[in-house]
Amino acid sequence: MSATDQMRAMLDQLMGTTRNGDDGRSLKFSDPRVCKSFLLNCCPHDILASTRMDLGECPKVHDLAFRADYQNASKSRDFYYDIEAMEHLQAFIADCDRRTEAAKQRLKETQEELTAEVAEKANAVHALAEEIGKKLAKAEALGEAGEVEESMSLMKEIDELRAKKIKAEHEYRTSMPASTYQQQKLRVCEVCSAYLGIHDNDIRLADHFGGKLHLGFLTIREKLAELEKTAGPRKAELKRTGKIHERDDDRSRSRYFVGGRELDRRSRVHRSRSRERRRTEGSMANAAKSSNTSARSDRGEHRDRDKESERRSSRGTPDRRRSRSRSRGRNYNTSRRRSHSRDRYRR
């Protein structure tokens, strides 16, 4: 994005669609084609962009100017867009929880089942490792922000947790055979449904808990909890007064946002397109490399031909001399034979 585009986006965000007067736009922020979750700054398509769970572009319109218009208009009128955004996030989180339960079921079927005592010790190691990873990611963020004292205090807490983790790992190791202990025991992150190993080091866990994917899901869950506190009672009040009917609510849910399994489908489609794009780029690079190789081989063949022609031209002069000498010899002998025949007839 150029500097001009960035300035234009900032002006749209601050002043809305009417910053240059009435521009005659036919689309307004209240249009059903505009993403209401984007107006409240909680659309999962934006939050999870450029992550492993990238959903691609939102099927609805995102425009910073519409968000500014909504913020100005919501001061004098209630549009109930928070209820729609809450339903959107509820559908998305329900889909994420479904994937989490499916991942847990796969681990239960593939991993060796532990006894209750060993499972409890493994969960204790996992809990300490997750707490260390979260605090380490937070300490790194504080250090980058310049808050050194807070970061150092967190590092002291991390050292204490590491000592507890070493003790818990020792208890877990002594409660099972060595061959079984070497196997990686996985568990599923309750926030983003990613896999975490019991042998993962602190840096790996800090990268996970401080990564964009985990923080994005954490932001969505926190926003959903906030909306459920504020918009949940308002939705129940609207249903009680008859302003929102259950059937109309379900119809609007299917019309105004994409959620549930459809989000999972869009994520698979986006990942497959990304893989296809990378595959195409790789084939083009290989084709360019092969063309360069063939060009170099052609140049080498031409160079060899030139050298061969030079050799032939250098050998051409003595061959001609040799042929001339031989021809002269043949002419000399012929003349001698002719002379002898003439003498014979003369006698």
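Parameters and conventions
Residues numbered from 1 in each chain as written. Predicted model: local features only at pLDDT ≥ 70, side-chain atom pairs only at ≥ 80, totals over all residues. Heavy atoms only, no water. UniProt positions renumbered as here; feature names shortened; annotations may be inferred. Axes fitted to C-alpha atoms, helices over the stretch in contact; angles between N-to-C directions. Helix = DSSP H or I, 4+ residues; strand = E, 2+ residues; numbered from the N terminus. Parallel < 35°, antiparallel > 145°, perpendicular 65-115°, else oblique. Left-handed = near helix turned anticlockwise from the far one by under 90°. Contact = heavy atoms within 4.5 Å. Nonpolar A, V, L, I, M, F, W, Y, C, P; charged D, E, K, R; others polar. Core = buried A, V, L, I, M, F, W, Y, C linked by side-chain atoms within 4.5 Å. Buried < 20%, exposed > 50% of the residue type's maximum accessible area, 1.4 Å probe, protein only. Arc of directions from axis to C-beta. Phe/Tyr/Trp six-rings, centres within 6.5 Å; stacked < 30°, edge-to-face > 60°. Lys NZ or Arg CZ within 6 Å of the ring centre and 35° of its normal.

- As its UniProt record puts it under Sequence similarities (unreviewed entry), the protein chain is described as follows: "Belongs to the Luc7 family."

**Description of the packing of helix α6 (residues 116-144) against helix α9 (residues 202-209)**
At step 1: At a minimum axis separation of 8 Å, α6 and α9 run at an interaxial angle of 65°. Classed by the angle they form, the pair α6 and α9 counts as roughly perpendicular. Of the two elements, α6 crosses α9, and the hand of that crossing is right-handed. Of the residues in α9, those in contact with Ala-129, Glu-130, Ile-132, Gly-133, Lys-134, Leu-136 and Ala-137 of α6 are Asp-202, Leu-205, Ala-206 and Phe-209.
At step 2: Considered class by class, the residues forming the contact of α6 with α9 number 7 nonpolar, 1 polar and 3 charged.

**Examining the nonpolar core**
At step 1: If you look at the biggest cluster of nonpolar residues, it comprises 40 residues, and the most contacted ones within it are Leu-39, Leu-40, Leu-48 and Phe-217.
At step 2: Put simply, the parts of the chain that give this core at least two residues each are α2 (36-39), α4 (64-73), α5 (81-110), α9 and α10 (212-241).
At step 3: Of all the elements, α5 adds the most residues to this core, at 8 residues.
At step 4: Leu-142, Leu-154, Ile-158 and Tyr-172 belong to the second-largest nonpolar core, a separate cluster that totals 16 residues.

**Overview of α9**
At step 1: All of the buried residues in α9 are Asp-202, Leu-205, Ala-206, His-208 and Phe-209. Each buried residue of α9 sits inside an arc of 160° when the element is viewed along its axis, so together they form one side. Residues of α9 that are exposed and angled more than 90 degrees away from the buried face: Ile-203 and Asp-207.
At step 2: Among the structural elements, α6, α7 (148-174), β2 (195-197) and α10 are those in contact with the buried residues of α9.

**As for the packing of aromatic side chains**
At step 1: Taken as a whole, this structure holds 6 aromatic pairs when the rule is applied.
At step 2: Members of the aromatic cluster, each reached through a chain of ring pairs, are Phe-29, Tyr-70, Phe-79 and Tyr-81.
At step 3: Lys-36 extends its terminal NZ or CZ atom over the ring of Tyr-81, reaching a point 5.2 Å from the ring centre.
At step 4: Against the face of Phe-38 rests Arg-67, its NZ or CZ located 4.1 Å from the ring centre.

**Details of the packing of α6 against α7**
At step 1: Two elements in contact, α6 and α7, have axes whose closest approach is 9 Å; the angle formed by their N-to-C orientations is 160°. On the basis of their axis angle, the class for α6 and α7 is roughly antiparallel. For the element pair α6 and α7, the recorded crossing hand is left-handed.
At step 2: By residue class, the composition of the contact of α6 with α7 is 15 nonpolar, 2 polar and 11 charged.

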